[in-house]
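If you want the building blocks of each chain, they are given just below.
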Amino acid sequence: MNGSLPSSPNVVDIKLKRGSAGLGFNIVGGVDQQYVVADSGIYVAKIKEDGAAALDGRLQEGDKILTINGLKLENLTHKATVDLFRTAGEDVELRVLKKFPQHMNGPTGSQPEHKSPVSSLGMLAALLGVASIFAFIYIRNHRRHF
């Protein structure tokens, strides 16, 4: 093994040029601040509008950053990782594991649309209401007076 990370269709290399606002994203994670249970990796928490990452468009919230300028981001504290990003220079190369669709929040084009259980409950309540009105009218009109 030569120490390089395994290649995968979900692993991409992204080159960013540091702008006036830095690289344009926030990170979470590290051995001291795990973002994912049993994973001390570094993840993209937020992409800043009009920052270098947003303008490039490939880095997304939830992506796991594997390396920065060839340095593996393994077994590092959050602060140590932030320091690496701050001293990485103007041109920064990231190796990123793209987030998987099942981990995404919100609807995507490849996922089926699910109906809300609230709307189903609302329909059930409306049907019960209509049935109650019909029952009331039926009983009222068919009651025999003695």
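Residues numbered from 1 in each chain as written. Predicted model: local features only at pLDDT ≥ 70, side-chain atom pairs only at ≥ 80, totals over all residues. Heavy atoms only, no water.

**Points about the overall build of the chain**
Logical step 1: Each helix and strand counted, the chain has three helices and six strands in total.
Logical step 2: When the helices and strands of the chain are listed from N to C terminus, the series reads β-β-β-α-β-β-α-β-α.
Logical step 3: Taking all 146 residues of the chain together, the buried fraction comes to 27%.
Logical step 4: Counted over contacts in the chain with a minimum sequence separation of 6, partners at least 24 positions apart contribute 61%. (Helix = DSSP H or I, 4+ residues; strand = E, 2+ residues; numbered from the N terminus. Buried < 20%, exposed > 50% of the residue type's maximum accessible area, 1.4 Å probe, protein only. Contact = heavy atoms within 4.5 Å.)

**As for the confidence of the model for the chain**
Logical step 1: On average, residues of the chain score 82 in pLDDT, and 79% of them are at 70 or above.
Logical step 2: Ranking the elements of the chain by mean pLDDT puts helix 3 (residues 117-142) last, at 77, and strand 4 (residues 64-68) first, at 97. (pLDDT = per-residue confidence, 0-100.)

**Quick word on the packing of aromatic side chains**
Logical step 1: Summed over all chains, the structure comprises two aromatic pairs.
Logical step 2: With a centroid separation of 5.7 Å and an interplanar angle of 85°, the aromatic rings of F25 and F85 are classed as edge-to-face. Separated by 60 residues along the polypeptide, F25 in strand 2 (residues 25-29) and F85 in helix 2 (residues 78-86) bring together distant segments of the chain. Residues F25 and F85 agree in their burial class; the two are buried.
Logical step 3: Relative to Y43, the ring of Y35 has its centre 5.6 Å away and its plane inclined at 45°; by these criteria the two rings are tilted. (Phe/Tyr/Trp six-rings, centres within 6.5 Å; stacked < 30°, edge-to-face > 60°.)

**Notes on a nonpolar patch on the surface**
Logical step 1: A surface patch of nonpolar side chains, about 310 Å² in accessible area, is lined by I133, F136 and I137.
Logical step 2: Within the secondary structure, I137 sits in helix 3. (Patch = residues over 30% accessible without salt bridge, like charges linked within 9 Å, V, L, I, M, F, W, Y side chains within 5 Å. Areas by Shrake-Rupley, 256 points an atom, 1.4 Å probe, with all protein chains shown as cover. Salt bridge = Lys/Arg side-chain N within 4 Å of Asp/Glu carboxyl O.)

**Things to note about unusual backbone geometry**
Among all residues save glycine, negative phi is the norm, and among peptide bonds the norm is trans.
Logical step 1: Of note in this structure, A38 is not a glycine but carries a positive phi near 60°.
Logical step 2: Counting through the fold element by element, A38 comes out in the loop between strand 2 and strand 3 (42-47).
Logical step 3: Backbone geometry at D50 places phi at a positive 65°, although glycine is not the residue there.
Logical step 4: Position of D50 relative to the elements: it lies in the loop between strand 3 and helix 1 (52-56).

**Considering the pairing of strand 3**
Logical step 1: Inspection of the sheet shows strand 2 paired to strand 3 by five bridges, in the antiparallel sense. Paired with N26 across the two strands is K46, which belongs to strand 3.
Logical step 2: Across two bridges, the pairing between strand 3 and strand 4 is antiparallel. Across the sheet, residue Y43 finds its bridge partner in strand 4, namely K64. (Pairing = 2+ DSSP bridges.)

**As for the nonpolar core**
Logical step 1: Counting 19 residues, the largest nonpolar core has F25, L59, I65, F85 and L94 as its most contacted members.
Logical step 2: Taken together, the elements giving at least two residues each to this core come down to strand 1 (11-17), strand 2, strand 3, strand 4, helix 2 and strand 6 (91-97).
Logical step 3: In this view, I65 contacts F25, I27, I42, V44, L73, F85, L94 and R95; residues no more than four positions away in its chain are not counted. (Core = buried A, V, L, I, M, F, W, Y, C linked by side-chain atoms within 4.5 Å.)

**Some thoughts on the side chain of T81**
Logical step 1: As for its position among the elements, T81 is in helix 2.
Logical step 2: If we ignore the near neighbours within four places in the chain, the residues touching T81 are I27, I42, L73 and L76.

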